[in-house]
Amino acid sequence: MAKYLLLKHYRGAPVAVNDVPMDRWAPEEISAHVKYMNDFADRLKETGEFVDAQALAPEGTFVRYDGEGRPPVTDGPFAETKDLIAGWMLIDVDSYERAVDLAGELSAAPGANGEPIHEWLELRPFLTEPSTVTE
Amino acid sequence: MNDAVLRALVPAVIGVLVRRGADFATAEDAVQDALVEAVRVWPDDPPRDPKGWLVTVAWHRFLDSARAESARRRREELVDGEPEPGPVSSADDTLRLYFLCAHPSLTPSSAVALTLRAVGGLTTRQIARAYLVPEATMAQRVSRAKRTVAAERLVRPGDVATVLRVLYLVFNEGYSGEVDLAAEAIRLTRQLATGIDHPEVAGLLALMLLHQARRAARTTPDGALVPLAEQDRGLWDTRLIAEGVGILQAALARDRLGEYQAQAAVAALHADAPTAEETDWPQIVEWYDELALLTESPVVRLNRAVAVGEADGPRVGLAALAELDETLPRYTAVAAHLHERDGDPALAARLYAEAAHKASSLAERDHLTRQAARLNQR
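Residues numbered from 1 in each chain as written. Chains lettered and ligands numbered in written order. Predicted model: local features only at pLDDT ≥ 70, side-chain atom pairs only at ≥ 80, totals over all residues. Heavy atoms only, no water.

Draft legend 1. Structural context of the packing of aromatic side chains. Enumeration over the complete set of coordinates arrives at four aromatic pairs over all chains. Seen from their ring centres, Trp42(B) and Trp53(B) are 5.1 Å apart, and the 80° between their planes marks the pair as edge-to-face. Here the residue Trp42(B) occupies a position in the loop between α3 (24-41) and α4 (50-65), and Trp53(B) occupies one in helix α4, the gap between them amounting to 11 residues. The ring of Phe50(A) carries Lys45(A) above its face, with NZ or CZ at 4.8 Å from the centroid. Taking the ring centre of Trp59(B) as reference, the NZ or CZ of Arg20(B) above it sits at 5.1 Å. (Phe/Tyr/Trp six-rings, centres within 6.5 Å; stacked < 30°, edge-to-face > 60°. Helix = DSSP H or I, 4+ residues; strand = E, 2+ residues; numbered from the N terminus. Lys NZ or Arg CZ within 6 Å of the ring centre and 35° of its normal.)

Quick look at the structure:
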């Protein structure tokens, strides 16, 4: 019973095997992709392994404190090339192996030509509360 | 009547319904409904026989839940077949429920969820909060678990080890939500121990009590970890220690050693030392040797290396550590500790930082980072 974050990147991750920008897919391919993701989430709700999933807008902005009395500095709106997170799914599973299996399954979402995208997903364990027994 | 007393009645009540012919899933739902009713009605109109009251209300709920024509026929048969009133052993019903909820066909998380709900009497919402998952997720876990065991008959008790493993999982989850899972695990293990005479049940109960006794000293008020050697022993709960040691001694006297008894023996030796320096490390090493024979756990061998380092000096500890797999969780933290004691603060600082990087809990990571920072200050 450990929580893992499956991170989908717009950029920052290694290039997907079937790497075609989404705006060059056929509309029905996009529908199939979305359906695959929704079905995947629904299945995890059924198994009691789903915690949360959210999509993020493609443009992020870095923000920084710029000293007393001054407005924060931003690097936007035209961000430099940087890691950009597209969205996440949070799962709560019995083992690391199960988390890897699920990430693999999610990575197989269909893309251009109905073929799996083989995109890279980042899998990050949550830091937990210390267990009652550690000594 | 407080919440804990009410919850303690749950497994026996489910057991009665199941023995009368209710299927487990429906019985469990009916008892939850009866509990809700009890919370509403009892403050104004407390029953003389709480368990009898719950059985009656839950049984009616169960019968109500069968509404369709076919179910109605079945209901009439069940009423006909209802056993005559008479003495039954409620401990027996409760035990069967423990074994059912920890059934090997369930995944660990399902077994835990089902145990907390059916044996512990917690609501799905309480369990979900304790595990920091949405209530709908926990509801699915519980209902899937119920479907999985629906086909299992409530027959003779199965494997005690499976039940103990589930209770230990609950205990180790600690106390992040509104329900104190460690306290809940102790309550359930106590209840199990009253119904089943087994040295390992006693061993697990002793182990939990001995760890629970040190709980107040394990963290600072703002949540930072305090290592065993630096804990304020005045904060240890001597009443729980005495109880744990007593239970452990009785169990050990029966000469059927198991892993929980051996772990409890280690915890008892720590609890018994007036100061960290007076800890009986040689005897702790012996118990770890016993544990290594009883389990395949690499964690045991890692803990043994720590104990060897204390008993025979850091060099010997490092030699014991060198025999183990470096990828073990907390391996690097142990190496850092032993190298520091061996007089190599620079190496220790580097290893502490590396261990912090690999830590799986926030409190542990912060603790290890502070250790590295402390050595880097010199």
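Draft legend 2. The nonpolar core, seen in detail. Core analysis: the biggest nonpolar cluster contains 129 residues, and Leu17(B), Phe24(B) and Leu321(B) have the highest contact counts within it. The element best represented in this core is helix α12 (residues 199-213) of chain B, accounting for 10 residues. When sequence neighbours within four positions are dropped, the list of residues in contact with Leu321(B) reads Leu302(B), Ala305(B), Tyr331(B), Val334(B), Ala335(B) and Leu338(B). In terms of nonpolar packing, the next biggest core, distinct from the first, is built from 16 residues, Tyr4(A), Met37(A), Ala41(A) and Val93(A) among them. (Core = buried A, V, L, I, M, F, W, Y, C linked by side-chain atoms within 4.5 Å. Buried < 20%, exposed > 50% of the residue type's maximum accessible area, 1.4 Å probe, protein only. Contact = heavy atoms within 4.5 Å.)

Draft legend 3. Up close: the sheet that holds strand β5 (residues 84-93) of chain A. Residues and elements named next belong to chain A. Spatially, the four strands line up as an open sheet ordered β2-β5-β1-β6, and their pairing is antiparallel. In this open sheet, the two edge strands, each paired with only one partner strand, are β2 (50-55) and β6 (121-125). When the angles between neighbouring strand axes are averaged without regard to direction, this sheet yields 20°. Here strand β1 (residues 2-11) runs beside β5; their pairing, made up of nine bridges, is antiparallel. Along β5, the bridge assignment pairs leucine 5 with leucine 90. Contacts between helix α1 (residues 27-47) and the sheet are confined to β1, β2 and β5, with β5 contributing the most and set at about 25° to the helix. (Pairing = 2+ DSSP bridges. Axes fitted to C-alpha atoms, helices over the stretch in contact; angles between N-to-C directions.)

Draft legend 4. Just the interface of chain B and chain A, in detail. On the side of chain A, 21 residues touch chain B, which itself brings 35 residues to the contact. When chain B packs against chain A, the two sides together hide about 2400 Å² of surface, and 51% of this comes from carbon and sulfur. When the area that chain B buries against chain A is broken down by residue, the three leading residues are Arg141(B), Asn172(B) and Arg218(B), summing to 20%. Viewed at the interface, chain A and chain B are joined by one salt bridge. A salt bridge links Asp92(A) to Arg141(B); the shortest N-O distance between them is 2.9 Å. Scanning the region where chain B abuts chain A turns up nine residue pairs in polar contact (both at pLDDT 80 or more). For the side of chain B that touches chain A, the secondary-structure elements that each account for two or more residues are α7 (108-119), α9 (135-150), α10 (160-173) and α21 (362-376) of chain B. (Buried area = accessible area lost by both parts, 1.4 Å probe. Salt bridge = Lys/Arg side-chain N within 4 Å of Asp/Glu carboxyl O. Polar contact = N/O pair within 3.5 Å; in protein donor to acceptor, adjacent residues only side chain to side chain.)

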